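Fold and contact review
Next come the chains, spelled out residue by residue.
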Amino acid sequence: QLGFSATKRPDGLFFGLGSNISEDLRSRFSFFTYNLNLSARINMWRQGFVSAETGLRHSDFGSDTVGGVQTTQSLIDQGVVETPSRFEEGYTVAYQRADLVIDTRRSRPYPGSGFRVHGQYELGVDVENGVSEGLWVTWSLAAHAYFDLTGTQKVLGVHFSMASAESFAGEVHFTELPAFSGNG
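Residues numbered from 1 in each chain as written. Predicted model: local features only at pLDDT ≥ 70, side-chain atom pairs only at ≥ 80, totals over all residues. Heavy atoms only, no water.

The next subject is the overall build of the protein. For the protein, the helix and strand inventory stands at 1 helix and 7 strands. Its helices and strands taken in sequence order, the protein reads β-β-β-α-β-β-β-β from the N to the C terminus. Expressed along its principal axes, the backbone C-alpha trace of the protein runs to roughly 55 × 35 × 30 Å. Residue burial in the protein is summarised as follows: out of 184 residues, 34% are buried. Residue pairs at least 24 apart in sequence account for 61% of intrachain contacts in the protein once pairs closer than 6 positions are excluded. On the protein, roughly 11,000 Å² of surface is accessible, and the fraction owed to carbon and sulfur atoms is 55%. (Helix = DSSP H or I, 4+ residues; strand = E, 2+ residues; numbered from the N terminus. Buried < 20%, exposed > 50% of the residue type's maximum accessible area, 1.4 Å probe, protein only. Contact = heavy atoms within 4.5 Å. Areas by Shrake-Rupley, 256 points an atom, 1.4 Å probe, with all protein chains shown as cover.)

Unusually for a residue other than glycine, arginine 46 sits at a positive phi of about 50°. Within the secondary structure layout, arginine 46 lies in the loop between strand E2 (27-43) and strand E3 (49-62). Positive phi outside glycine occurs at arginine 86, with the angle close to 70°. Here arginine 86 lies in the loop between helix H1 (72-77) and strand E4 (91-103). Judged by its relative accessible area of 14%, arginine 86 falls in the buried class.

This part covers the pattern of salt bridges. Counted under the stated rule, the structure contains 12 salt bridges. The residue arginine 97 makes a salt bridge to aspartate 99 at a minimum N-O spacing of 4.0 Å. Each member of the pair, arginine 97 as well as aspartate 99, is classed as buried. For aspartate 103, the salt bridge goes to arginine 116, with nearest N and O atoms at 3.4 Å. Placement of the pair is aspartate 103 in strand E4 and arginine 116 in strand E5 (residues 114-126), with a sequence separation of 13 residues. Classification of aspartate 103 by relative accessible area gives buried; the value is 0%. Through salt bridges that share partners, Glu53, Arg57, Arg97, Asp99, Glu122 and Glu176 make up one connected network. (Salt bridge = Lys/Arg side-chain N within 4 Å of Asp/Glu carboxyl O.)

Here is the structure:
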């Protein structure tokens, strides 16, 4: 499947980088991202699937935010935070991603008890700077257990997830890093 998407938003959240993350550094940035991709998906047992995708993703950032909140650019200008990787100039990344989902739950109207495991792996290369300046991998794993308490889709869920970004060359661009507490 060939796909294209574009997103322009004034409400990206930034809390700092590394060990300098703090609620006090909460700021907003605007972003414009577009993505061109080619993907394939194979459905498996029940709701499980395996998919692969390759594409190009471009992102630009700015200070056109809403609500009169502190902007990320203002924190950079004041010297409170260091400039995130590729924040000022934006970036284009070529990527390859693979997903594997194993899900034991049956489709509605059957009871909703079961387990779901989702693994994702993505290799990213900074197109503008090349492999020697921007090569990284991100991965995530999530495990879910669902218990249908009544047999009528009244489901209690327990979730566990972890994610990581590893750089092989250069820095992982800040919007490619995992957002551990969600992204707003």
